[in-house]
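Results of the structural survey
The chain contents come next:
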Amino acid sequence: MAAATPLRRVLSCVILDLDGTLLNTDGIVGDVLKMLPVKYGKQWDAKVTHRIVGKTPIEAATAIKEVMSFRARLMSSCQKLPQCFLNGWKESFSAIVGGDEVMQKPSPEIFLEAAKLLNAEPSSCLVIEDSLPDVGGAKAAGMEVVAVPSLPKSSHLYTSADEVINSLLDLRPEIWGLPPFQDWINGTLPIEPWYIGGPVIKGYGRGSKVLGIPTANLSTEGWSDILSYHPSGVYFGWAGLSTRGVYKMVMSIGWNPYFNNTEKTIEPWLLHDFNEDFNGEKLHLAIVGYIRPEASFSSLESLISKIHEDGKISKEALDLPPYAAYKDVPYVKNPLTAE
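Residues numbered from 1 in each chain as written. Predicted model: local features only at pLDDT ≥ 70, side-chain atom pairs only at ≥ 80, totals over all residues. Heavy atoms only, no water.

In the nomenclature of an unreviewed UniProt entry, the protein corresponds to riboflavin kinase from the organism Papaver somniferum.

What follows is the structure, encoded as structure tokens:
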């Protein structure tokens, strides 16, 4: 990492939530809630999603039934669904506690049971949670808590958490006296590459005019599943333009807190000086690394400065072997023919 982070305290155990934290199940649940009610002539209201976050399967199903006025019978077997995700994972954990193994959830009980199985004092445990009720339960158990909010633009609600991060990409175990992750390279984190593309569209008009940084915006249409899977933040990689070639790029994904976007956007900045815009031209991106979460800035000048810093980090990182190899992938190199 570029700079050392102050040590908060020394802990010895980590308790990780599964549903919505280790596994991105929110997208799956969201898809189901979009499709299932249609069969009954109803539509799910995303504004009440908070009612099912942090709940057991039966509790969540009951809440959905109440909200939608369903007359369907609840299936008790849904309690066993998380088990299918654990196949092959069990050996990575010292203990596993299910929400159906304790009397109630959210409450301190499940966290205290985990500490007991770990033979650890609650005060030596760090809990990583996504739901607001379970953050409260972990704090009531006397544990330190890192919150990873599962709903966008909700960080301000997690006032009881000891730290709030945008995603697990931003977790720094070393500030809790735990071993640091070893995969960061010069302030960047290699990620499993993912690909996205389409014609360049007209954006908000603030890239060149307001920031002096021309972005090549992409439509989010057709990419909702991919965007829901990947956390908001600043990423980098390679950009292939159908008639011009391949260029280094840095990009933001998210709501851009300074401008407070109403929808999640994709805003790549190709790190090259172009004499003209290329609206309508086909653009393919290979996203290969992560830099930082989105942040709110006190001034436009500080935002611009940070974007240029992100660009400098990206330029240097993309010359490193772990990232440079993706410059020649067919999807980027041949955007007119690649699928």
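1. Brief notes about the sheet that holds strand S9 (residues 282-292)
Stated precisely, the cut-off is as follows: In this scheme, strands are said to pair when DSSP sees at least two bridges between them. Where helices and strands are cited, they refer to DSSP runs of H or I of at least four residues and of E of at least two residues respectively, numbered from the N terminus. Here, axes are lines fitted to C-alpha atoms. For helices the fit covers the stretch in contact, and angles between N-to-C directions go from 0 to 180 degrees.
Here five strands make up an open sheet; going across it, the order is S5-S9-S6-S7-S8 and the pairing antiparallel. The open sheet has two free edges, formed respectively by strand S5 (189-199) and strand S8 (265-270), since each of these has just one partner strand. Taken over all neighbouring pairs, the strand axes of this sheet differ in orientation by 30 degrees on average, direction set aside. Two strands pair when backbone bridges link them, and strand S6 (residues 233-241) and strand S7 (residues 245-254) are joined in this way by nine bridges, in the antiparallel orientation. Its bridge partner being in S7, valine 234 is matched across the sheet by serine 252.

2. Some details on a nonpolar patch on the surface
Rule in force here: Here, patches come from residues exposed beyond 30% relative accessible area and free of salt bridges, joined within 9 Å for like charges and within 5 Å for nonpolar side chains (Val, Leu, Ile, Met, Phe, Trp, Tyr). Here the accessible surface of atoms and residues is derived via Shrake-Rupley with a 1.4 Å probe, and residues count as covered only by protein chains that are part of the display. Here a salt bridge means any side-chain nitrogen of Lys or Arg lying within 4 Å of a carboxyl oxygen belonging to Asp or Glu.
Together, Ile28, Val32, Leu36 and Tyr40 make up an exposed nonpolar region whose accessible area comes to about 370 Å². Tracing the backbone through its elements, the reader meets leucine 36 in the loop between helix H1 (26-35) and helix H2 (57-68).

3. Digging into the pattern of salt bridges
Note that side chains of opposite charge can pair when their charged atoms are close. Applying the stated criterion across every chain yields a total of eight salt bridges. We note a salt bridge from arginine 244 to glutamate 281, for which the minimum N-O separation is 3.0 Å. Remark: glutamate 281 occurs in the loop between S8 and S9 and arginine 244 occurs in the loop between S6 and S7; sequence separation between them is 37 residues. Here aspartate 319 makes a salt bridge to lysine 248, at a shortest N to O gap of 2.9 Å.

4. Structural notes on the nonpolar core
In a soluble, globular protein the nonpolar side chains are often hidden away together inside. Here is the rule we go by: We define the nonpolar core as a collection of buried residues of types Ala, Val, Leu, Ile, Met, Phe, Trp, Tyr and Cys that are connected through side-chain atoms lying within 4.5 Å of one another. Note on classification: 1.4 Å probe, protein chains only; a residue is buried when its accessible area is under 20% of the maximum for its type, exposed when over 50%, partly exposed between these limits. Any two residues having at least one pair of non-hydrogen atoms within 4.5 Å are treated as being in contact.
Of all hydrophobic cores here, the largest spans 23 residues; its most connected members are Met251, Leu270, Leu283, Leu285 and Ile287. Of all the secondary-structure elements, those providing two or more residues to this core are S5, S6, S7, S8 and S9. The contacts of leucine 270, once residues within four sequence positions are left out, are Ala216, Ala239, Leu241, Tyr247, Lys248, Met249, Phe278 and Leu283. With 19 residues, the next largest nonpolar core counts Ile213, Val234, Val250 and Leu271 among its residues.

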